[in-house]
Amino acid sequence: MNKRNGLARRWMIRFLVHWMLSILAIIAVFWLGFWYCTKMHPVWQGDELLYGPLHLLEEMAIPFFGLYAVVSGAIVGFFQFRRIGNGLWEIEKTIQKEAVDSGKIPEELAELNLKIQQYQLEVEKSRQAESEANQRKNDLIMYMAHDLKTPLTSMIGYLTLLSEEKGLPEDIRKKYQEIVLNKSLRLEDLINEFFEITRFNFTHMILEKQSVNMTRMLNQMVMEFTPIFQQKGLTCKTDFEEIEVFCDVDKMERVFDNLLKNIANYSYPNSEILLSLKKAGEKGMQLTTVNRGKTIPPEKVAHLFEQFFRVDSSRSSETGGTGLGLAVSKEIVTLHGGTITCDSGEERIIFTVTLP
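Residues numbered from 1 in each chain as written. Predicted model: local features only at pLDDT ≥ 70, side-chain atom pairs only at ≥ 80, totals over all residues. Heavy atoms only, no water.

Participant: I'm lost on the overall build of the protein in this one. Help?
Facilitator: When helices and strands are tallied, the protein shows nine helices and seven strands. Counting across all 356 residues of the protein, residues that qualify as buried make up 31%. Contacts in the protein between residues far apart in sequence, at least 24 positions, make up 70% of those at least 6 positions apart. (Helix = DSSP H or I, 4+ residues; strand = E, 2+ residues; numbered from the N terminus. Buried < 20%, exposed > 50% of the residue type's maximum accessible area, 1.4 Å probe, protein only. Contact = heavy atoms within 4.5 Å.)

Participant: Looking at this model, I keep getting lost on a negative patch on the surface. Mind explaining?
Facilitator: Residues Glu208, Glu224, Asp250 and Glu253 make up a contiguous surface patch of negative charge. The residue Glu253 is located in helix H7 (residues 249–266) in this model. (Patch = residues over 30% accessible without salt bridge, like charges linked within 9 Å, V, L, I, M, F, W, Y side chains within 5 Å. Areas by Shrake-Rupley, 256 points an atom, 1.4 Å probe, with all protein chains shown as cover. Salt bridge = Lys/Arg side-chain N within 4 Å of Asp/Glu carboxyl O. Lys, Arg positive; Asp, Glu negative; His and termini not counted. Charge placed at Lys NZ, Arg CZ, Asp CG, Glu CD.)

Participant: Help me understand the nonpolar core, please; the structure alone is not making it clear to me.
Facilitator: Ranked by size, the top nonpolar core spans 40 residues in total, and within it Met214, Phe256, Leu277, Met285, Leu287, Cys342 and Phe351 carry the most contacts. If you list the elements that add at least two residues to this core, you get helix H6 (214–231), strand S3 (244–247), H7, strand S4 (272–280), strand S5 (284–292), helix H9 (325–335), strand S6 (339–345) and strand S7 (348–355). With eight residues, the single largest contributor to this core is H7. Once residues lying within four places of it in the same chain are set aside, the contact partners of Phe351 are Leu259, Leu287, Thr288, Thr289, Leu304, Phe305, Leu326, Thr341 and Cys342. (Core = buried A, V, L, I, M, F, W, Y, C linked by side-chain atoms within 4.5 Å.)

Participant: How should I be thinking about the sheet that holds S4 in this particular structure?
Facilitator: Two modes of strand pairing occur in sheets, parallel and antiparallel, and in both the strands are linked by backbone hydrogen bonds. Strands sit in the order S2-S4-S5-S7-S6 across an open sheet of five strands; the sheet is mixed. Where the open sheet ends on each side, the last strands, each with one partner, are strand S2 (235–240) and S6. Looking at each pair of strands side by side, their axes are set apart by 15° on average, direction ignored. Taken together, the eight bridges between S5 and S7 define a ladder with antiparallel strand orientation. Across the sheet, residue Gln286 finds its bridge partner in S7, namely Thr354. Packed onto the sheet, H7 meets S4, S5, S6 and S7 and runs at close to 15° relative to S5. (Pairing = 2+ DSSP bridges. Axes fitted to C-alpha atoms, helices over the stretch in contact; angles between N-to-C directions.)

Participant: Is there a simple way to explain the environment of Gly77 in this structure?
Facilitator: You can see Gly77 is positioned in helix H3 (residues 61–95). Sequence spacing of Gly77 and Phe15 is 62 residues, and the spatial spacing of their C-alpha atoms is 6.8 Å.

Participant: Help me understand unusual backbone geometry in this model?
Facilitator: Of all residues except glycine, most have a negative phi; of all peptide bonds, most are trans. Phi is positive for Asn270, which is not a glycine, with a value near 60°. The phi torsion at Glu346 lies on the positive side, around 55°, for a residue other than glycine.

Participant: Would you take a moment to explain H9 for this structure?
Facilitator: Residues three or four positions apart in an α-helix share a direction because the helix packs 3.6 residues into each turn. Taken together, the buried positions of H9 are occupied by Leu326, Ala327, Val328, Ser329, Ile332 and Val333. At the C-terminal side of H9, Gly337 shows a positive phi close to 85°.

Participant: Quick question: what am I supposed to make of the pairing of S4 here?
Facilitator: Working note: regular strand, side chains alternate between the two faces of the sheet. Where S2 and S4 come together, six bridges link them in parallel fashion. Paired with Phe240 across the strands is Leu277, a residue of S4. Sheet analysis places S4 next to S5, joined by eight bridges and oriented antiparallel. Bridged to Lys279 within S5 is Met285. The hairpin formed by S4 and S5 contains three residues between the paired strands, and Gly281 there has a positive phi angle of roughly 75°.

Participant: I would appreciate a short explanation of the side chain of Asn291 in the present structure.
Facilitator: When you line up the elements, Asn291 lands in strand S5. Residue Asn291 is classed as buried on the basis of its relative accessible area, which comes to 2%. At 2.9 Å, the side chain of Asn291 forms a polar contact with the side chain of Ser267. For Asn291, the contacting residues outside a window of four places in its chain are Ile263, Tyr266, Ser267, Glu272, Ile273, Glu347, Arg348 and Ile349. (Polar contact = N/O pair within 3.5 Å; in protein donor to acceptor, adjacent residues only side chain to side chain.)

Participant: Quick question: what am I supposed to make of H7 here?
Facilitator: Spanning 18 residues, H7 covers 26 Å between terminal C-alpha atoms, matching the ideal 26 Å at 1.5 Å per step. Within H7 the residues assigned to the buried category are Val249, Lys251, Met252, Val255, Phe256, Asn258, Leu259, Leu260, Ile263 and Ala264. Where H7 begins, one side-chain oxygen reaches toward the backbone nitrogen of Asp250, 3.3 Å away; that side chain belongs to Asp248. (Expected span 1.5 Å × (residues − 1).)

Participant: Whenever I open this one, the packing of aromatic side chains confuses me. Can you help?
Facilitator: What describes a pair of aromatic rings is the distance from one ring centre to the other and the angle between the planes of the rings. For the structure on display, the rule yields two aromatic pairs. Both rings, one in Tyr158 and one in Tyr176, keep their centres 5.0 Å apart while their planes meet at 55°; by these two values the pair is tilted. Note that Tyr158 is positioned in helix H4 (residues 110–164) and Tyr176 in helix H5 (residues 170–202), a separation of 18 residues in sequence. (Phe/Tyr/Trp six-rings, centres within 6.5 Å; stacked < 30°, edge-to-face > 60°.)

Participant: Mind showing me how you'd approach the packing of H6 against H7 here?
Facilitator: The description of two packed helices rests on the angle between their axes and on the distance between the axes. Contact geometry of H6 with H7 gives a least axis separation of 11 Å together with a crossing angle of 35°. Crossing hand, H6 versus H7: right-handed. Here Met214, Met217, Leu218, Met221, Phe225, Ile228 and Phe229 of H6 come into contact with H7, specifically with Val249, Glu253, Phe256, Asp257, Leu260, Lys261 and Ala264. Considering only residue class, the contact of H6 with H7 consists of 11 nonpolar, no polar and three charged. (Left-handed = near helix turned anticlockwise from the far one by under 90°. Nonpolar A, V, L, I, M, F, W, Y, C, P; charged D, E, K, R; others polar.)

Participant: I'm lost on the confidence of the model for the protein in this one. Help?
Facilitator: Segments scoring low in pLDDT should not have their predicted coordinates read at a detailed level. With 72% of its residues at a pLDDT of at least 70, the protein reaches an overall mean of 77. Counting contacts from residues 96–100, a segment whose pLDDT is below 50, to residues more than four positions away or on other chains yields five contacts. (pLDDT = per-residue confidence, 0-100.)

Next comes the structure, spelled out in C-alpha cells:
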C-alpha cells in the first residue's frame with residue numbers, strides 16, 4: 001500500500017511542478033509585456049493600435065489567468081497520462097516477449113513493470129508444474145497398465161496349469177494357489193490405486209472430526225503392519241505418550257497408513273524403525289518416524305509431497321505406486337490445520353506430522 005501511495009505521490013508532484021511552471025511562464029510573459037509596453041515603448045494611448053487589446057487584457061487579467069490555469073492543467077495532465085499510457089504499452093510489449101530497450105519505460109513505471117514480470121514468472125512456473133504433474137500422471141498410468149497386465153498374465157498361466165494338470169502333487173498345487181492369491185492381491189492394490197487417482201482429482205475432502213485416542217490408534221496400526229515389517233526383518237520401537245486428538249479418524253488413519261507403507265517399502269532390510277508420539281501444545285500432537293534407508297536428495301525432498309512424484313524413478317512391480325500417498329497425506333494434514341515434513345540425511349529418513 002505504501003509503495004502504491006508513493007508512486008501516486010510522485011506522479012502528483014510531477015503534475016503540479018509542470019503545471020506551476022506553465023503558470024509561471026505565462027506570468028513571466030505578462031510581466032515582460034507590461035515592462036516593454038510601459039518602459040520601452042508606451043502604447044497606453046487611445047489612438048494606439050495595441051491599446052484596445054492590451055486594455056481589455058488588463059481588465060480581464062483574473063478571468064484570463066483562471067482560464068489559463070484550467071487549460072494548462074488539462075494540457076499538462078493530457079501529456080502526463082499519455083506518458084503513462086506509452087509506458088504501459090511498453091510494459092505490455094515486454095510481457096509479450098518483444099524486444100524493448102530499457103530506456104523506453106519511464107522510471108516511474110519501472111517498479112510496476114518488475115511486479116508484472118514477477119507475476120508472469122509465477123504463472124509460467126505454475127503452468128510448468130501442472131504440465132510436469134500431468135506428464136508424471138500419464139507415465140504412471142502407462143506403467144500401471146503394464147503392471148496390471150503382468151500379474152493377470154501370471155494368474156492366467158498358473159490357473160491354466162491347475163485346471164489342466166489334474167495330477168499335480170498337493171504341495172505344488174498349494175504353492176501355485178498361493179502365488180495366484182498373492183498376484184490377485186497385488187492386482188487389487190493396483191486397481192485401488194487407479195480409483196485413488198480418480199478420487200484425488202474429482203472430489204473435495206470434507207472432514208468429520210471426533211475425539212480419538214491417538215495412542216491406541218497408532219499402536220493398533222503398528223500391530224497390523226508387524227507382519228509386513230517382519231518380511232523385511234524390520235523391528236519397530238515405539239515411544240508413545242497418551243494423547244487424545246480431535247480429528248477425522250478415517251482420514252488420519254489414511255495418513256499413517258501411507259507413512260507406514262513408505263517406511264516398509266523404502267527401509268533397509270533388517271533395520272530399525274523408531275516411532276515417537278508427543279504432545280504439542282495443550283491439545284495437539286507430533287508424530288515423528290525415523291527409519292534407515294537410502295538418503296533422499298534435497299531437490300527430491302522439496303517435491304516429495306507433490307502428486308504423482310516418486311523418489312525412485314525406476315519402478316518395481318512390488319513397491320511401485322502412484323506417487324499419490326504422500327500428496328494425499330499432506331492434503332489431509334493441511335485440512336486439519338497441521339503440517340507434515342520430511343528430512344533426510346546420513347541414510348536416515350525422518351517424517352514429522354504435527355496436528356494442532
